[in-house]
Amino acid sequence: MSRDADIAPPMNADGTGARLARNRIRVRGVVQGVGFRPFVFRLAQQLDLAGWVRNDGAGVEMEVQGPPGNLSALLARMIKEAPPLARVDTVERADCTPLTGDRGFTIRPSEGGAVTTAIGPDTAVCPACLGELFDPANRRWRYALINCTECGPRYTLTRHLPYDRANTSMAGFVQCETCQDEYDAPAHRRFHAEPNACPDCGPQLALVQADGVRVASRDPVADALLHILTGHIVAIKGVGGFNLVCDARNPEAVERLRERKQRGDKPFAVMVANVASARQYARVGNAEAALLKAPERPIVLLDKLSDADMHLWGVAPDLDQVGLMLPNAPLHYLLFHDEAGRPSGTAWLDAPQPLALVMTSANPGGEPLVIDNTEALARLAGIADLYLMHDRDVLVRCDDSVARIADGAPAFVRRARGYTPQAIRIGRKGPPVLAFGSYLKNAVCLTRGDEAFLSQHVGDLSNAATCAAMDATVEHLMTVLACRPEWIACDRHPDSYATQAAHRFAEAHELPLIAVQHHHAHIGAVLAEQPVDEPVLGLALDGVGLGDDGTAWGGELLRVDGASFERLGHLAPLALPGGDRAAREPWRMAASALHAMGRSAEIAPRFAHQRGSERIGALLDAGTRCPPTTSMGRWFDAAAGLLGVCEVMHYEGEAAMRLEALASHYGPAFAQPGGWHIDAANTLDLMPTLAALTGGDAPRGAAVFHATLVAALEAWVASTARAQGLRTVALGGGCFLNRQLAEGLSRRLSTRGLTVLRARQAPTNDGGLALGQAWVAIRAAMD
Ligand SMILES: [Zn+2]
Ligand SMILES: [Zn+2]
Ligand SMILES: [Zn+2]
């Protein structure tokens, strides 16, 4: 400390003589477009600090000056009280020389620089906006596109960075004077709320007939609800695209929607007003309630109450869970507000309400979600009776996310709206990698530093439109992250559009490409989000993925050591009679199992009603068009086929899901004695269990199959881990969506002292594959 008066710290502005300090502070994380600068502004005012704050390419930067104690308080409160949508990753602080006479605090214009910041995800309408939405005296009373810096759309309406109004689909709407004042006022909740709008200056709702003619309606929401309540199907524009909506309590309407969407028995998601309403249909514990209410507002898979199917007939047939979600857009809230009789205030928001709306993605024929108004009229013709839309464009399609609570913590089935583009921390920095993902449930992934950005769910690449959507997603992800890849990763299956696109991209940009084995990538996805550096034992249980020997794998025990893996064991192969068809027709897998048991004579009588059943035995004898697979999914199908639970599937995973529902309904069961064996080559054969299932009693059979499977896998994994000297087991692949399997096996392996890792932030199915590919590529690039 100097005694020289010339360089002594300046006195406080009030002349009290207290010593002043000045800090330069840099904050990184999700801190732009989330109200962070006004938040700092308010804190600085409360703490009597001088200085400034601004956005720059790396996040938020500020200089603050005042008594040292107040500076420390600012730092502490900046982390503790950050706005709900902000995520503070790092705070760097450096001392600098105090400026004499610096007074007041300002928000400075943005500084350029290399963009490393992330755009925020779309977020459900916040409590403050709900308060205004239902306050008859507020100028935004029942305004369907209300938002602020603490809520609303981000990702789905942004063309490119920086996140400014001019780069969003709000560019064409000029703010009225009142809105502009809010937008310009540093202390206001709408300071730089880019989609800020009101009924005077913002987008408007419209009710449109199937022929495109606008309905002369003074109240489009009330009229749309009336149509829904009288059995019609209304296409409603949501945050990430259109939903098809009908009254979930009206079986005829639900059936009509099913027929028009040609959807088979695939379950629908249902929107209810709040947690109390969800409890009318499903078991909702604290963790489930928190997930339902999360600002990301996913569809949450919940255990049905015993009478749920009576109220929601045909919504999720033959399954033990139903997907429920709470309103996310203000427009959704308006429907429930109408149904509640339009009360003033927000007390009604917590009261149970009978209204339940089927809310399913408007993606006819498995093509991408409809996002555009004109496109909606064309592509939903013959499906929707009416359209409730507005003129704020959705620029980036984003399906609803699907999650559930597994072992007390959230896990994804589909990761999209609300979560994209939240980063997944992958524990080590590497070169940027672009991974192209899988054929089914495609999503792509781009890494930047130690963050992985898994794109929103794109869909099955079975049609040109979805392939084009994948290409657009790749471009958009690179744009909004301002990141160009240095490595490319993809699956090893040469026929997938994703793989071909990856090769084209790598060639065009002269980048190194790494093709990652499918199940290696599944285990990689688990290891990416829970960084482990030592080798692990990976158990991948899955539908299908190309193996290194050219056959279809899907029940694999792998030793995974970063970029390399070794196959330590697999399920006994089953023949796929008829090739790919066998993956959709469980009766064929049952026939395959009967043939393997030497009971081919039973095939034709059992499945006489299935075309080709009389020839399938000969096909299996000859071994023509009967490629082998080690897929766990096909073993589930065989069990479901033998028990008569599901002979032909209408959606992927149906047989296994129905089998699981029967098993959980039945309750605990013992494993089949002698139900499996493991041979010298470490192949696990479950055929003895299947042989015991052929007797009938589906619920009991389903329960025994699950119990035997868990016991067999436990023995197999534990003995392999011991032999390999491995202590950590990573469980990956689509079959781990099965809770009986995932939770039962995790518990048992943990009891044996093994550390069990499962996917949490990315889906365990192919929706998370790109993350695993990227992780393997990073390890390959670094090693
Ligand atoms: Zn808000
Ligand atoms: Zn306005
Ligand atoms: Zn897979």
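Higher on the page you've got the structure.
Here we summarise the structure given alongside this text. The shown structure was predicted, so the numbers you read here are calculated from the model rather than taken from an experiment.

## So, the overall build of the protein chain
And step 1. The helix and strand inventory of the protein chain stands at 23 helices and 29 strands.
And step 2. The C-alpha atoms of the protein chain give 28 Å as radius of gyration, which agrees with the globular expectation for 783 residues (28 Å, within 12%).
And step 3. Taken over the C-alpha atoms alone, the protein chain extends approximately 100 × 70 × 50 Å along its principal axes.
And step 4. A total of 783 residues make up the protein chain; the buried ones form 59% of that total.
And step 5. Contacts spanning at least 24 positions in sequence make up 71% of the contacts within the protein chain whose residues lie at least 6 apart.
And step 6. When the accessible surface of the protein chain is summed, it comes to about 29,400 Å², and 52% of that surface belongs to carbon and sulfur atoms.

## A word on the sheet that holds strand β8 (residues 242-247)
Two strands in a sheet stick together by hydrogen bonds in their backbones, pointing the same way (parallel) or opposite ways (antiparallel).
And step 1. Strand order in this open sheet of 10 strands is β6-β13-β7-β8-β12-β9-β11-β10-β14-β15, and the pairing throughout is mixed. Two strands bound the open sheet, and with one partner strand each, they are β6 (205-209) and β15 (409-414). Adjacent strand axes in the sheet meet at a mean angle of 35°, parallel and antiparallel pairs treated alike.
And step 2. Of the strand pairs in this sheet, strand β7 (residues 234-237) and β8 are connected by four bridges, and their pairing is antiparallel.

## Overview of the pairing of strand β14 (residues 402-406)
Two faces belong to every sheet, and in a regular strand the side chains alternate between them.
And step 1. The element β14 is largely enclosed, with a buried count of five among its five residues.
And step 2. With five bridges connecting them, β14 and β15 associate as antiparallel partners. Its bridge partner lying in β15, Ile 405 is registered against Pro 410.
And step 3. Counted along the chain from β14 to the antiparallel partner β15, the turn is two residues long, and its residue Asp 407 has a positive phi close to 50°.

## Things to note about the coordination of the zinc ion (ligand 2)
Ideal values differ by geometry: the angle at a metal is 109.5 degrees with four tetrahedral donors, but 90 or 180 degrees with six octahedral donors.
And step 1. Taken together, Cys 176 (SG), Cys 179 (SG), Cys 198 (SG) and Cys 201 (SG) make up the full set of protein donors to the zinc ion (ligand 2), lying 2.2 to 2.4 Å away.
And step 2. Each of the four donor atoms bound to the zinc ion (ligand 2) contributes to angles spanning 105 to 116°, and the resulting shape is tetrahedral.

Calculation criteria
- Along each chain, residue indices are assigned from 1 in the same order as the chain's sequence is written.
- A letter from A marks each chain and a number from 1 marks each ligand, given out in the order of writing.
- Residues qualify for local features only when their pLDDT is at least 70, as the model is predicted, and side-chain atom pairs are given and counted only at 80 or more; totals for whole chains, interfaces and linings, by contrast, use all residues.
- Note: side-chain values were computed over all heavy atoms of the structure, leaving out hydrogens and water.
- Working definition: helices are DSSP H or I runs of at least four residues, strands are E runs of at least two. Numbering for both runs from the N terminus.
- We compute the radius of gyration from the C-alpha atoms alone; for a globule the expected value is 2.2 Å times N to the 0.38, where N is the number of residues.
- For every residue, the accessible area (1.4 Å probe, protein chains only) is compared with the maximum for its type, and the residue is labelled buried under 20%, exposed over 50%, or partly exposed between those bounds.
- The contact definition used throughout considers only heavy atoms, calling two residues in contact when any of these lie within 4.5 Å.
- Method for areas: the Shrake-Rupley scheme with a 1.4 Å probe, in which residue coverage is limited to the protein chains shown.
- Pairing between two strands requires that DSSP report at least two bridges joining them.
- In this description, a line fitted to the C-alpha atoms serves as the axis of each element, helices being fitted only across the stretch in contact, and the angle between N-to-C directions of two axes falls anywhere from 0 to 180 degrees.
- A donor here means an N, O or S atom no more than 2.8 Å from the metal, or no more than 3.2 Å when the metal is Na, K or Ca. Since water is not included, a site may seem to lack partners.
- Just to be clear on the cut-offs, tetrahedral is four donors with all angles between 85 and 135 degrees, square planar is four donors and octahedral six with opposite donors over 155 degrees apart and all others between 65 and 115, and anything else goes down as irregular.

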